[in-house]
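Coordinate inspection notes
The lines below spell out each chain.
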Amino acid sequence: MAAPAEAPACRTAGALTSGLLRELHICWSFSAGDLTATVVPATTFAVAAWMSTRAGIASLPLVLAECLVYFWLYIYTFNLSNQLTGIEEDRRNKPHRPLVVGLVTPQGAKWRLVWATAAFLVLGATLRVLEWTVLWIVAWAFHNHFGGARALWGKNAAMVAGTIAQLAAAWQIVTPLTPAAWTWIAAIAIPLSVLVSLQDLRDIDGDLAVGRRTAAVVFGEMACRRFFAAAFAIYPIAMHFLIYRNAPTPAALIGVAAALLSLVIAYRVLRRRERRADHTTYLLYTYWYCLTLASAIFAFGT
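Residues numbered from 1 in each chain as written. Predicted model: local features only at pLDDT ≥ 70, side-chain atom pairs only at ≥ 80, totals over all residues. Heavy atoms only, no water.

Notes on the packing of helix 9 (residues 179–195) against helix 14 (residues 275–301)
Rules: Here an axis means a line fitted to C-alpha atoms, over the contact stretch when the element is a helix, while the angle between two N-to-C directions is reported on a 0 to 180 degree scale. Helical segments are the DSSP runs of H or I of at least four residues, strand segments are the runs of E of at least two, and each set is numbered from the N terminus. Each angle receives one of four descriptions, namely roughly parallel if under 35 degrees, roughly antiparallel if over 145, roughly perpendicular if within 65 to 115, and oblique otherwise. Should any heavy atoms of two residues lie within 4.5 Å, those residues are considered in contact. For this classification, the nonpolar set comprises Ala, Val, Leu, Ile, Met, Phe, Trp, Tyr, Cys and Pro, the charged set comprises Asp, Glu, Lys and Arg, and every other residue, Gly included, is treated as polar.
It is the contact of helix 9 with helix 14, at a shortest axis distance of 11 Å, that shows an interaxial angle of 170°. When the axis of helix 9 is compared with that of helix 14, the two are roughly antiparallel. Of helix 14, the residues touching helix 9 (which contributes Ala180, Ala181, Trp184, Ile188, Leu192 and Leu195) are Tyr285, Tyr289, Thr292, Leu293, Ser295, Ala296, Ala299 and Phe300. Of the residues contributing to the contact of helix 9 with helix 14, the split by class is 12 nonpolar, 2 polar and no charged.

Next comes the structure, spelled out in C-alpha cells:
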C-alpha cells in the first residue's frame, strides 16, 4: 500500500536528478573547450602557491575543490557572455556551440549568466579574492558587451586583465601574493598581450564577416604568422632570464620542455596554415601555459 504514496516523491526526485544532469551537460558544453586555458593552469598555479607554504598534504584537497569550482565559474560566466553576443559569428566559425545547435535558448543563457555571475561574486568574496573576481567580470563585460572584442587592442587588453585576475586569484586563494608570485604572473600575462592573437588566425573569415579588427585582419595573415613565429622562438629566452635562470633543476627541466613546445608552435604557425591546424596550434599554446605553470610547483616547492 505504500508504493502509490511514494510514487510522486520518486517522480520528483527523478525530475530533480534529470534537471541537474541537464544543467551539468549545458555547463560542460559551454566550458569544456577552454579548460586547458583556465581551470587546469589556474589550479596548477594554486598548487604552486600551496607548495610555497609548506603546508601539510591534508590541506590540498580543499585547495583543489575551491579552485575547481571558482575557475569553472570563471570560464562559464565568460563563455555564456561571449557566446550570447556572438551567435551569428559562431554559426560561421563554431557551429557546434550550444546556442547555435539549440541546446539552450538565448533567454535561458541570459538567466544562467545572471545566476552564475552572482555565484562567482559570492564565491570570490568567500575565498577573499573579490577584487580579482570583479576585475574578470569587468574584463569580459568590456570584451563582450561594450565593443572591446571588436577593437584591435581591446580583445588583447581584456585577456591580459583576465590572466592577471586568474593567476592572482589562484595564488591568493591559498596564500597572500608575493613578489616572486607576481614575477611569474607578469612573465606570463604581459607577453600574452600580443601572443594571444594567435587564436585569431583560425577565425579570420568570421572576423571579417562581423567587422572585427584583429591583428590578422589589420596587418595581414602572413605578416602576423611571421611575427608569431619570431615571438614564440624568442619567448623562451625571455622566460629563462625572468624565471628559470636560478630555478631548481626540476623546474628548469620542465621549462626546457615548455621552450621546445614554444618552438613547435613557432614552426606550426608558419608551416601549418589550415584553419583546423591553426586551432591545434592554439591548443598547443594552452598546453604551454599549463606546462609552464606546472614548473612553478617545483620552483616554489623545492
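Observations regarding the environment of Trp288
Note the threshold: Burial status follows relative accessibility: with a 1.4 Å probe on protein chains alone, a residue under 20% of its type maximum counts as buried, one over 50% as exposed, and anything between as partly exposed.
Position of Trp288 relative to the elements: it lies in helix 14. By relative accessible area, which is 4% here, Trp288 ends up buried. Each C-alpha atom of the pair Trp288 and Ser262 lies 7.0 Å from the other, and the pair is 26 residues apart in sequence.

Things to note about the pattern of salt bridges
Side chains bearing opposite charge may pair, as long as their charged atoms lie close to each other. Which entries qualify depends on this criterion: A pair is scored as a salt bridge if a Lys or Arg side-chain nitrogen falls within 4 Å of a carboxyl oxygen belonging to Asp or Glu.
Counted according to the given criterion, the structure contains 4 salt bridges. A salt bridge links Asp278 to Arg225; its shortest N-O distance comes to 2.7 Å. One end of the pair, Asp278, is in helix 14; the other, Arg225, is in helix 12 (residues 221–244), and 53 residues separate them in sequence. We note that Asp278, like Arg225, is buried. Arg275 is the salt-bridge partner of Asp278, the closest N and O atoms lying 3.4 Å from each other. Here the residue Asp278 and the residue Arg275 both occupy positions in helix 14, the gap between them amounting to 3 residues, near one helical turn. Look at the salt bridges and you will find they share partners, linking Arg225, Arg275 and Asp278 into a network.

Remarks on the nonpolar core
This is how the line gets drawn: Here the nonpolar core consists of buried residues drawn from Ala, Val, Leu, Ile, Met, Phe, Trp, Tyr and Cys, with membership extended through side-chain atoms lying within 4.5 Å.
In terms of nonpolar packing, the biggest core is built from 89 residues, with Phe45, Tyr70, Phe71, Trp136 and Tyr285 touching the most fellow members. Residues within four places of Tyr285 in sequence aside, it is in contact with Leu192, Leu195, Val196, Leu198, Phe232 and Ile265.

Some thoughts on the side chain of Thr286
Note on placement: Thr286 falls in helix 14. Owing to a relative accessible area of 5%, Thr286 belongs among the buried residues under this scheme. Excluding anything up to four places from it in sequence, Thr286 contacts Thr36 and Ala37.

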